[in-house]
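# Architecture and fold: a report
Here is what each chain is made of, one letter per residue.
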Amino acid sequence: MKPHKPAGPVNMYYIAHVLPPELDTPIQRIKEDLHQRFGCAVGLKSPAHITLLPPFWLAPDKEPLLRSDLKQLAARIAPFPLHTKGFDSFGKRTFFVALEDSAALQQLKVQADDLFTGNPAFGLKKEVRPFHPHVTLATRDIKPSDFVAAWNLYQDQQLVDTWQANTVSLLRHNGRKWDVVATEGFGGS
């Protein structure tokens, strides 16, 4: 769901853990396949990522403060392992790469919420939906009938991988797609 755009000059941002290139590449191939077969383009507008703070609007002059808080968040976190566990979905609306449960990732989400929603300069509210970390492949623009076909193609395929999560990123929408505009290493690295 897109946030309501306020009046005045604003950019749309979100905060995420962007997967390393060795995982982004095969995930982008799947997104391309879904685009070619079923016309799903939304997933191609972002690198492979796990959303920590969903899209929000903010005045461009607040971006330096966002970047500063991103650095502060990353400095508090130690690197931790993450593991994919195949494919899953939210109904017939969103098709994604599932992740094994991770207490460290849950804690990162809590700290991101506390830091960014706790800063009155941003005016952000904590999300009411439970955090269900995943890597989106197709959403919003996949028809229910195409979803069934896509699910049948991928449900039995294995996409199992492990990596060390060691960064958090700020992404900004450029009018067509999402650009990574800042990345901070965990533990101040």
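Residues numbered from 1 in each chain as written. Predicted model: local features only at pLDDT ≥ 70, side-chain atom pairs only at ≥ 80, totals over all residues. Heavy atoms only, no water.

## A closer look at the sheet that holds strand 3 (residues 80-90)
An order of 5-4-3-6 is seen for the 4 strands of this open sheet, with the pairing classed as antiparallel. In the strand order of this sheet, the two ends are held by strand 5 (134-139) and strand 6 (162-165), each with one partner. Across the sheet, the axes of successive neighbouring strands diverge by a mean angle of 35°, strand direction being ignored. In the sheet, strand 3 pairs with strand 4 (residues 94-99) via 5 bridges, with the strands oriented antiparallel. Note on strand 4: the bridge partner recorded for Asp88 is Phe96. Helix 1 (residues 21-38) contacts strand 3, strand 4, strand 5 and strand 6 of the sheet and is inclined by roughly 20° relative to strand 5. (Pairing = 2+ DSSP bridges. Helix = DSSP H or I, 4+ residues; strand = E, 2+ residues; numbered from the N terminus. Axes fitted to C-alpha atoms, helices over the stretch in contact; angles between N-to-C directions. Contact = heavy atoms within 4.5 Å.)

## Observations regarding the packing of aromatic side chains
This model, assessed by the stated rule, comprises 11 aromatic pairs. With centroids separated by 5.5 Å and ring planes inclined at 55°, the aromatic side chains of Phe87 and Tyr154 adopt a geometry described as tilted. Of this pair, Phe87 sits in strand 3 while Tyr154 is found in helix 4 (residues 144-154), placing the two residues 67 residues apart along the sequence. With relative accessibility at 10%, the residue Phe87 sits in the buried group. For Tyr154, a relative accessible area of 6% translates into the label buried. Geometrically, the ring pair formed by Phe90 and Phe96 is tilted, given 4.5 Å between the ring centres and 40° between the ring planes. Taking relative accessible area as the criterion, Phe96 reaches 0% and is therefore assigned buried. Pairwise contacts between aromatic rings join Phe87, Phe95, Phe147, Trp151 and Tyr154 into one cluster. (Phe/Tyr/Trp six-rings, centres within 6.5 Å; stacked < 30°, edge-to-face > 60°. Buried < 20%, exposed > 50% of the residue type's maximum accessible area, 1.4 Å probe, protein only.)

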